[in-house]
Amino acid sequence: MIEELHKKYVQERTPEARDKLIIACLPYVKSSAYRLSIYANPSQDVNDLISAGVIGLMDALERYDPARGASFKNYAKYRIRGS
């Protein structure tokens, strides 16, 4: 599903397609944020980590290159974690 949404986003480049893709990826963002919150500084709220993950996801939308062989889903997970 995420791969199809990404292809649609690449073809259309509309805010609606981008928003659908971001919403589809939110479970990955939230699960990563909750896992990272265990190791984070106590002053960091999990919502801050979720926000940072969404920024990473948006970065992945612009930088993903399918020619490199990774699926968008795997690349997005990598960028969401902040790597």
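Our subject in this report is the structure included herewith. Numbering of residues starts from 1 in every chain and runs along the sequence as written. The predicted nature of this model means local features are confined to residues of pLDDT at least 70 and side-chain atom pairs, given and counted, to a pLDDT of 80 or more, with totals for whole chains, interfaces and linings taken over all residues. Computation of side-chain values covers all heavy atoms of the structure but excludes hydrogens and water.

1. Let's talk about the packing of aromatic side chains
Right, on to step 1. Paired rings are identified among Phe, Tyr and Trp, the last through its six-membered ring, by centres lying within 6.5 Å, and are further divided according to the angle between planes into stacked (under 30 degrees), edge-to-face (over 60) and tilted (the rest). Taken as a whole, this structure holds two aromatic pairs when the rule is applied.
Right, on to step 2. On the basis of an interplanar angle of 85 degrees and a centroid distance of 5.4 Å, the ring pair of Y64 and F72 is categorised as edge-to-face.
Right, on to step 3. Burial status follows relative accessibility: with a 1.4 Å probe on protein chains alone, a residue under 20% of its type maximum counts as buried, one over 50% as exposed, and anything between as partly exposed. Judged by its relative accessible area of 15%, Y64 falls in the buried class.
Right, on to step 4. F72 gets classed as buried once you look at its relative accessible area, which sits at 0%.
Right, on to step 5. Relative to Y75, the ring of Y64 lies with its centre 5.8 Å away and its plane at 45 degrees, an arrangement referred to as tilted. With a gap of eleven residues between them, Y64 in the loop between α3 (46-63) and α4 (72-80) and Y75 in helix α4 connect regions that are remote in the sequence.
Right, on to step 6. Following the ring pairs from residue to residue traces out a cluster consisting of Y64, F72 and Y75. Runs of E in the DSSP output that reach at least two residues are strands. Runs of H or I that reach at least four are helices, and both are numbered from the N terminus.

2. Observations regarding the pattern of salt bridges
Right, on to step 1. Salt bridge, as used here: a side-chain nitrogen of Lys or Arg that lies within 4 Å of a carboxyl oxygen of Asp or Glu. Going through the model one piece at a time under the given rule, you end up with four salt bridges.
Right, on to step 2. For D59, the salt bridge is made with R63, and the minimal N-O distance between the two is 2.8 Å. You can see D59 and its partner R63 sitting in helix α3, four residues apart, about one turn around the helix.
Right, on to step 3. With relative accessibility at 56%, the residue R63 sits in the exposed group.

3. What to know about the environment of F72
Right, on to step 1. Its location among the elements puts F72 in helix α4.
Right, on to step 2. A sequence separation of eleven residues divides F72 from L61, and the C-alpha atoms of the two residues are 8.4 Å apart.
Right, on to step 3. Contacts were defined at the residue level, with two residues in contact if any of their heavy atoms lie within 4.5 Å. For F72, the contacting residues outside a window of four places in its chain are I2, E3, H6, L21, C25, L57, A60, L61 and Y64.

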